[in-house]
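# Breakdown of the fold
Read off the chains here:
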Amino acid sequence: MPRLQDRVCVVTGAGRGIGRGIATAFLAEGASVWICDINPSTLEQTLKDLAAPDRLDGCVTDVTSRAACQAMFDQAVARFGRVDAVVNNAGGGIACAFVDIDDDLWAHEIALNLTGVFHCAQIGARLMLAQGEGGSIINIGSTNGMYGQAGMAPYGAAKAGVINMSKSMALELGEHGIRVNALCPGTILSGGEYDDPDHPTLTLLRSHTAVNRLGRVEDIAAAAVYLASNESTFMSGHAMVVDGGATARQLLMTATPDTQSQTVSRHTVPDSSAS
Ligand SMILES: NC(=O)c1ccc[n+]([C@@H]2O[C@H](COP(=O)([O-])OP(=O)(O)OC[C@H]3O[C@@H](n4cnc5c(N)ncnc54)[C@H](O)[C@@H]3O)[C@@H](O)[C@H]2O)c1
């Protein structure tokens, strides 16, 4: 039996990339899926390409607007009757040297990556509480929320906030059968401008993984299906890392005897590991 049969799932930022991949996987597992995106053309294209008119619908939404998020959930419930899972995926990072960050950039990164998640997580939680049958909220974090990266301070701060907020939500909502987890991708080839596998940055990032490849949207979609399904009913308040072992390598490098005497920074890879 499909793992999300008869579930209703909302996925934000699903016009492309990871969100589109999650919507695709949820449909394949039997769910009805409401998608939203700020970009009308990619939203429309996804609705057309996934071609499941009975179980897929959506609307243009800017998740940084509470009113827009509320209207989006209202439409989802009007269309499919309820909400069992919410994936807060809309997000993205802009690189900038810390000393050059202005208040507009800071506010934008926090609004998109943290406040947008707060809006939809809270509206989704209120709906699930009213339904009284539990649910699963999946907030897309990032391994950037777990360690520092030069040039990514606002994005990393927002993603760290997503991880922490998810844990507090889990503690408050668990008694109502509502599970909340952060799903934290490493580097995923999601169709962006740096998706050329031979790009020097991606070559370096691939060498940081344990499995010698970068992630695919399907890797994150499979984890989201698991978190939305009954297979994960004992998992809540967790920050689930799906990064091909990239963050494990950092811990290993600082913990093994032959590296204890070395100073190994996150972006320093021994010659034997570099491709
Ligand atoms: N790709 C990666 O390597 C990676 C790694 C870690 C975390 N993530 C996270 O995964 C999520 C998806 O990443 P992706 O690579 O698929 O990104 P993407 O840029 O391909 O897709 C993001 C989608 O969100 C939409 N969006 C942007 N602003 C929005 C808004 N205000 N309201 C609604 N929709 C909005 C965009 O139009 C786009 O369709 C993001 O939260 C990102 O931070 C990605």
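Bear in mind that the values here come from a model prediction, so they are computed numbers and not experimental data. (Residues numbered from 1 in each chain as written. Predicted model: local features only at pLDDT ≥ 70, side-chain atom pairs only at ≥ 80, totals over all residues.)

Scanning the protein from N- to C-terminus turns up nine helices and nine strands. Restricting the contact set of the protein to residue pairs at least 6 apart, pairs at least 24 apart contribute 71%. (Helix = DSSP H or I, 4+ residues; strand = E, 2+ residues; numbered from the N terminus. Contact = placed C-beta atoms within 7 Å.)

This next bit is on the pairing of strand S3 (residues 56-60). Bridge count for strand S2 (residues 32-37) against S3 is five bridges, and the pairing is parallel. What sits directly across from Asp37, in S3, is Val60. Crossover handedness for the path S2 to helix H2 (residues 40-50) to S3: right-handed. (Pairing = 2+ DSSP bridges. Right-handed = clockwise from strand over helix to strand, strands pointing away.)

Below, the discussion takes up the environment of Ala121. Mapped onto the secondary structure, Ala121 falls in helix H4 (residues 103-131). Judged by local crowding, Ala121 falls into the buried class, with 22 C-beta atoms found within 10 Å. A C-alpha to C-alpha distance of 10.0 Å links Ala121 and Ala85, two positions 36 residues apart in sequence. Apart from the residues within four sequence positions on either side, Ala121 is in contact with Val86, Asn88, Ile137, Asn139 and Met169. (Buried ≥ 20, exposed ≤ 12 C-beta atoms within 10 Å, placed from the backbone.)

Running from N to C, helix H1 (residues 17-28) and helix H7 (residues 217-228) cross one another at 50 degrees; their axes reach a closest spacing of 8 Å. Classed by the angle they form, the pair H1 and H7 counts as oblique. Judged by the sense of rotation from one axis to the other, the crossing of H1 with H7 is right-handed. Seen from H1, the contacting residues are Gly17, Ile18, Gly21, Ile22, Thr24, Ala25 and Phe26; seen from H7, they are Val217, Glu218, Ile220, Ala221, Ala222, Ala224, Val225 and Ala228. Counted by class, the contact of H1 with H7 contains eleven nonpolar, three polar and one charged residues. (Axes fitted to C-alpha atoms, helices over the stretch in contact; angles between N-to-C directions. Parallel < 35°, antiparallel > 145°, perpendicular 65-115°, else oblique. Left-handed = near helix turned anticlockwise from the far one by under 90°. Nonpolar A, V, L, I, M, F, W, Y, C, P; charged D, E, K, R; others polar.)

In this section: the nonpolar core. If you look at the biggest cluster of nonpolar residues, it comprises 62 residues, and the most contacted ones within it are Cys9, Val11, Ile22, Phe26, Val33, Val87 and Ala224. For this core, the element with the highest residue contribution is H7, accounting for eight residues. Beyond its immediate sequence surroundings of up to four residues, Val33 is in contact with Cys9, Val11, Ala23, Phe26, Leu27, Arg55 and Leu56. (Core = buried A, V, L, I, M, F, W, Y, C linked by C-beta atoms within 7 Å.)

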